[in-house]
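Breakdown of the fold
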Amino acid sequence: MSQAKVDRNKEQKANRKQIMAREKRQHFAAVACIWAILIAIAGWAGYSAYGIYQNNQPIEKIYVDLDAIDEYTATLNEIE
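Read on for an overview of the structure.

Rules used throughout
Residues numbered from 1 in each chain as written. Predicted model: local features only at pLDDT ≥ 70, side-chain atom pairs only at ≥ 80, totals over all residues. Heavy atoms only, no water. Axes fitted to C-alpha atoms, helices over the stretch in contact; angles between N-to-C directions. Helix = DSSP H or I, 4+ residues; strand = E, 2+ residues; numbered from the N terminus. Parallel < 35°, antiparallel > 145°, perpendicular 65-115°, else oblique. Contact = heavy atoms within 4.5 Å. Nonpolar A, V, L, I, M, F, W, Y, C, P; charged D, E, K, R; others polar. Patch = residues over 30% accessible without salt bridge, like charges linked within 9 Å, V, L, I, M, F, W, Y side chains within 5 Å. Areas by Shrake-Rupley, 256 points an atom, 1.4 Å probe, with all protein chains shown as cover. Salt bridge = Lys/Arg side-chain N within 4 Å of Asp/Glu carboxyl O. Lys, Arg positive; Asp, Glu negative; His and termini not counted. Charge placed at Lys NZ, Arg CZ, Asp CG, Glu CD. Expected span 1.5 Å × (residues − 1). Buried < 20%, exposed > 50% of the residue type's maximum accessible area, 1.4 Å probe, protein only.

Details of the packing of helix 1 (residues 3–14) against helix 2 (residues 16–55)
Running from N to C, helix 1 and helix 2 point in directions that differ by 70°, and their axes come no closer than 5 Å. Comparing the axis directions of helix 1 and helix 2 gives the class roughly perpendicular. Contacts from Gln12, Lys13 and Ala14 of helix 1 reach helix 2 at Arg16, Gln18 and Ile19. Of the residues contributing to the contact of helix 1 with helix 2, the split by class is two nonpolar, two polar and two charged.

Right under this line is the structure:
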C-alpha cells in the first residue's frame, strides 16, 4: 500500500465516530424529506379526489318565491 492510502485509512479510523454520525444524520434527513414529499402527494391526491367527488354530487334544487318581482313587473306594465 502506498503511504497516502495508509494515512487516509488512519484518518478514517480516527474520525470514524464523526463520519458515522454525519452519515446517519444525512440518512435521517433524506428519509424525512422523502416522507414529507409522500405525505404532501397523498394529501394533494386526497384533496383532489374530494373535489371531484363534490363536483359529481347532484345539485340540490332551491325554490325561490318570485311573486314580489312578478307583481313589480306587472305594475310597471300597467303604468306604460
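Structural notes on a negative patch on the surface
Negative charge collects at one region of the surface, where Asp65, Asp67, Asp70 and Glu71 lie side by side. By the element assignment, Glu71 lies in helix 3 (residues 67–79).

A few points about helix 3
Helix length check: helix 3 (13 residues) gives 18 Å between terminal C-alpha atoms against 18 Å at 1.5 Å per residue, within 8%. The element helix 3 is largely exposed, with a buried count of zero among its 13 residues.

Considering a nonpolar patch on the surface
A surface patch of nonpolar side chains, about 510 Å² in accessible area, is lined by Val31, Ile34, Trp35, Leu38 and Ile39. You can see Leu38 is positioned in helix 2.

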